[in-house]
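# Topology and contacts: notes
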Amino acid sequence: MPHEIPHRELNDGTTLPAIGFGTYPLKGDECVAAVVSAIEIGYRLIDTAVNYENEEAVGEALRRCGVPREELRVTSKLPGRHHAYDDAVVSVHESLGRLGLDYLDLHLIHWPNPSQGLYAEAWRALVDLQEQGLVRSIGVSNFTEDHLLRVVDLTGVTPSVNQIELHPLFPQRQMRAVHERLGVQTESWSPLGKREAPLTEPAVAQPAERLGVTPAQVILRWQLQLGSIPVPKSKTPERQRQNLDVFGFELTLDEMEEISALGRPDGRLFGGDPDVHEEM
Ligand code: A2P
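What counts, and where the lines are drawn
One numbering rule holds for all chains: residues counted from 1, following each sequence as written. Thresholds applied to this predicted model are a pLDDT of at least 70 for local features of residues and 80 or more for the giving and counting of side-chain atom pairs; totals over whole chains, interfaces and linings are not thresholded and use all residues. Where side-chain values are given, they derive from all heavy atoms of the structure, hydrogens and water being excluded. Each residue's exposure class comes from its accessible area (1.4 Å probe, protein chains only) as a fraction of the maximum for that residue type: buried when under 20%, exposed when over 50%, partly exposed otherwise. Helix and strand labels come from DSSP, where a helix needs a run of H or I of at least four residues and a strand needs a run of E of at least two; each type is numbered from the N terminus. DSSP-based pairing: two strands are paired if at least 2 bridges between them are found. Orienting the strands away from the viewer, one traces the path from the first strand over the helix to the second; a clockwise path indicates a right-handed crossover. Salt bridge, as applied in this entry: a Lys or Arg side-chain nitrogen positioned within 4 Å of an Asp or Glu carboxyl oxygen.

### Section: the pairing of strand β6 (residues 104–109)
Taken across its six residues, β6 has six buried, putting it largely inside the fold. In the sheet, strand β5 (residues 73–78) pairs with β6 via four bridges, with the strands oriented parallel. Looking at the pairing, Thr75 lines up with Leu106 of β6. Crossover connection from β5 via helix α3 (residues 85–99) to parallel β6: handedness right-handed. With respect to chirality, the unit in which β6 leads through helix α4 (residues 119–131) into the neighbouring parallel strand β7 (residues 135–141) is right-handed.

Below is the structure:
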């Protein structure tokens, strides 16, 4: 019997499951099959983005899976080229069209792209789209403390979520403290660390051995105990199942610290520093 997935409350009063399913870089039929399988296995939070070019496939999976719409939480993300107010409004309508939905549960500004300087305008658009009911919760991704403070200052609305790169090699102590202070829910992209996943490091492998679970499950459990919402991707049903089965065991405080100690200042997977890395 799988454990029930707990929910985390957001600052707007809505909730999200404590773990979700990431869809990058799945596309086409492979994406449809993976998302249908993930929902069948029990995932209820599905994470896509305009720039993943798979919103149509995700939409197809949502229709095929047979789970009622209101039981699902669907996240998408606004690309950098759509930050201007009117473009952002059109972009969200287009995402809804591709997904075949009449509302999104969560929409995030994908990257702040500070040299463009339009992320605050994009945020205003999301605030208005939320008021209109097209997006239930609004948030951001890859925002630094400065970017967060700027949008809060300008609109008085605090993002409900900031989805950031977070894995054992880059545990984001400082941003998690910022989120704690501001009441922003952390979500983790690349929660395992992709090809750098430290699956054989003793800090991960030893607790896996002690608990009779896999190293990937230890890393995802570490994410949950940090308070973040990880969105692991896998195209393999067996791994999807494994990655969701992380509610029946617990890491000790020492084990948590040892995993966090794998972090390095240069631990980002591809140098995605939001002050300089930009995506359109
Ligand atoms: P696959 O899709 O073949 O399962 P991240 O979530 O950090 O972005 O990592 C995703 C990568 O990790 C994918 O390449 C995925 O491969 C692999 N992966 C996902 N779950 C597991 C797991 N439980 N054990 C090992 N590798 C995994």
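Resuming the write-up.
### Section: the pattern of salt bridges
Where side chains of opposite charge bring their charged atoms close, a pairing between them can arise. Counted by the stated rule, this structure contains 11 salt bridges. We note a salt bridge from Lys27 to Glu53, for which the minimum N-O separation is 2.9 Å. With Lys27 in the loop between β3 (21–22) and α1 (28–41) and Glu53 in the loop between β4 (45–47) and α2 (55–64), the pair connects residues that are 26 residues apart, well separated along the chain. We note a salt bridge from Glu60 to Arg63, for which the minimum N-O separation is 3.2 Å. Taken together, the residues Glu60 and Arg63, both in helix α2 and three residues apart, mark about one turn of the helix. Salt bridges linked by common partners bring Glu60, Arg63 and Arg64 together as one network.

### Considerations on the sheet that holds β6
Taken together, the eight strands give an open sheet; going across it, the order is β3-β4-β5-β6-β7-β8-β9-β10, and neighbouring strands pair in parallel fashion. Edge positions in the sheet fall to β3 and β10 (229–230), since each of these pairs with one other strand and no more. Of the pairings in the sheet, the one linking strand β9 (residues 185–189) to β10 comprises two bridges and is parallel in character. Counterpart to Glu187 in the pairing with β10 is Ile229.

Shape is all these values report; function is a separate question.
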